[in-house]
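Reading the structure
Here is how the chains run, residue by residue.
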Amino acid sequence: MEHQFWKDRWELNQIGFHQTEINTYLSQHWSELGLMDNAPVFVPLCGKSLDMLWLREQGHDVLGIELFEVALDAFFSENDIIPTKERTERFVEFKADRLRLLAGDFFHLQAEDLDGINAVYDRAALIAFPPEMRAQYANHMSQLLKPGAHIMLIAMEYKDGVLKGPPFSVNEAEVHQLYAEHFDIQLKGAFDRAWVKDRYVTEKVYSLTRRP
């Protein structure tokens with residue numbers, strides 16, 4: 001999406017995609033990735049997700065990226081965490097205990113920025129991109145990760161007219177189309193739930209492993 005679209009959403013607090021509780025699928029399926037307890041985790045388009053605090057509680061260092069500083073300012077303020085803040089060439093970097101969050105463009109990340117990271121939690125990134133950008137996102141993610149890295153991906157499926165994205169519907173066939181060249185893909189579960197009133201969506205949880 002255009003940067004201005006997301007900027008307006010954050011500034012007007014139109015963030016229906018934000019969850020006020022820890023994601024149920026994360027707590028149920030995260031251990032299935034088989035990660036070491038202290039493995040660092042990357043969270044793309046992290047917003048002010050409370051899931052980052054849950055990951056930290058499990059012993060993980062968390063690297064997140066979000067387009068706008070306002071989202072990260074809100075995350076730290078709402079959770080009574082005081083970070084350090086530094087402006088670098090590509091990002092504004094927020095640091096606190098086991099949290100390193102970057103304000104800036106995901107596509108400006110380089111492989112060295114994710115050095116040592118072999119796990120990704122993607123609940124809100126893939127489904128935030130319109131169709132014409134999803135391949136670019138998946139390809140860039142594959143370039144950032146080393147063989148053996150794992151992604152926990154939560155995608156959403158719904159019929160035309162149920163919602164006006166974002167979040168966008170990304171069905172199982174498209175997940176394979178986007179990732180099968182570089183990743184082994186396992187579907188871990190599919191769950192129907194009400195998104196808004198009587199508008200039902202299916203959320204699917206995938207485990208992806210980067211091949212050599």
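Everything below is about the structure shown above.
As a starting point, this report considers the structure included with it. Quick caveat: nothing in here was measured; it's all calculated off a predicted structure.

Some details on the overall build of the protein
When its secondary structure is counted, the protein shows 6 helices and 9 strands. The 212 residues of the protein split such that 50% are buried. Restricting to contacts in the protein with at least 6 residues of sequence separation, those with at least 24 account for 65%. Carbon together with sulfur atoms contributes 47% to the accessible area of the protein, which is approximately 10700 Å² in total.

Side note on the pairing of strand β9 (residues 199-210)
Here is the key point about a regular strand: its side chains alternate between the two faces of the sheet. Counting buried positions along β9 yields 9 of 12 residues, so the element is predominantly enclosed. Sheet topology note: the strand β7 (residues 150-157)/β9 ladder contains 8 bridges and is antiparallel. Within the sheet, the bridge partner assigned to A155 lies in β9 and is K204.

Concerning the nonpolar core
Membership of the largest hydrophobic core comes to 36 residues, with the highest contact counts inside it found for F42, L109 and Y179. Elements that contribute at least two residues to this core include exactly β2 (62-66), α5 (131-144), β7, α6 (172-179), β8 (183-196) and β9. Of all hydrophobic cores here, the second largest spans 26 residues; its members include C46, W54, F75 and A119.

What about the packing of aromatic side chains?
Counting across every chain of the model gives 10 aromatic pairs. Taking 4.7 Å as the distance between ring centres and 20° as the angle between the ring planes, the aromatic pair formed by Y25 and F191 counts as stacked. With a gap of 166 residues between them, Y25 in helix α2 (residues 24-29) and F191 in strand β8 connect regions that are remote in the sequence. Y25 sits in the buried class, given a relative accessible area of 9%. Looking at F191, the relative accessible area reads 24%, which means it is partly exposed. Taking 4.9 Å as the distance between ring centres and 40° as the angle between the ring planes, the aromatic pair formed by F106 and Y137 counts as tilted. Taken together, the positions of F106 in the loop between β5 (99-103) and β6 (119-122) and Y137 in helix α5 put the pair 31 residues apart, joining distant regions of the chain. Like Y137, F106 is buried. Through pairs of rings, three or more aromatic residues link up here, namely F42, F106, F107, F129 and Y137. One cation-aromatic arrangement involves R210 over F183; the distance from NZ or CZ to the ring centre is 5.8 Å.

Structural notes on the side chain of D113
Within the fold, D113 resides in the loop between β5 and β6. Look at D113 and you get buried, because its relative accessible area is 14%. Among the polar contacts made by the side chain of D113, one reaches the side chain of R90 at a distance of 2.7 Å. In this structure the side chain of D113 is engaged in a polar contact, spanning 2.8 Å, whose partner is the backbone nitrogen of Q110.

A few points about unusual backbone geometry
Positioned with a positive phi, L45 is a non-glycine residue whose angle comes to about 45°. With respect to the helices, strands and loops of the structure, L45 is situated in the loop between β1 (41-44) and α3 (51-57). For L45, a relative accessible area of 22% gives the class partly exposed. Even without being a glycine, D80 presents a positive backbone phi close to 55°. Among the secondary structure elements, D80 is positioned in the loop between α4 (69-78) and β3 (84-87). On the accessibility criterion, D80 (72% relative accessible area) is exposed.

Thresholds, definitions, all that
- Residues numbered from 1 in each chain as written.
- Predicted model: local features only at pLDDT ≥ 70, side-chain atom pairs only at ≥ 80, totals over all residues.
- Heavy atoms only, no water.
- Helix = DSSP H or I, 4+ residues; strand = E, 2+ residues; numbered from the N terminus.
- Buried < 20%, exposed > 50% of the residue type's maximum accessible area, 1.4 Å probe, protein only.
- Contact = heavy atoms within 4.5 Å.
- Areas by Shrake-Rupley, 256 points an atom, 1.4 Å probe, with all protein chains shown as cover.
- Pairing = 2+ DSSP bridges.
- Core = buried A, V, L, I, M, F, W, Y, C linked by side-chain atoms within 4.5 Å.
- Phe/Tyr/Trp six-rings, centres within 6.5 Å; stacked < 30°, edge-to-face > 60°.
- Lys NZ or Arg CZ within 6 Å of the ring centre and 35° of its normal.
- Polar contact = N/O pair within 3.5 Å; in protein donor to acceptor, adjacent residues only side chain to side chain.

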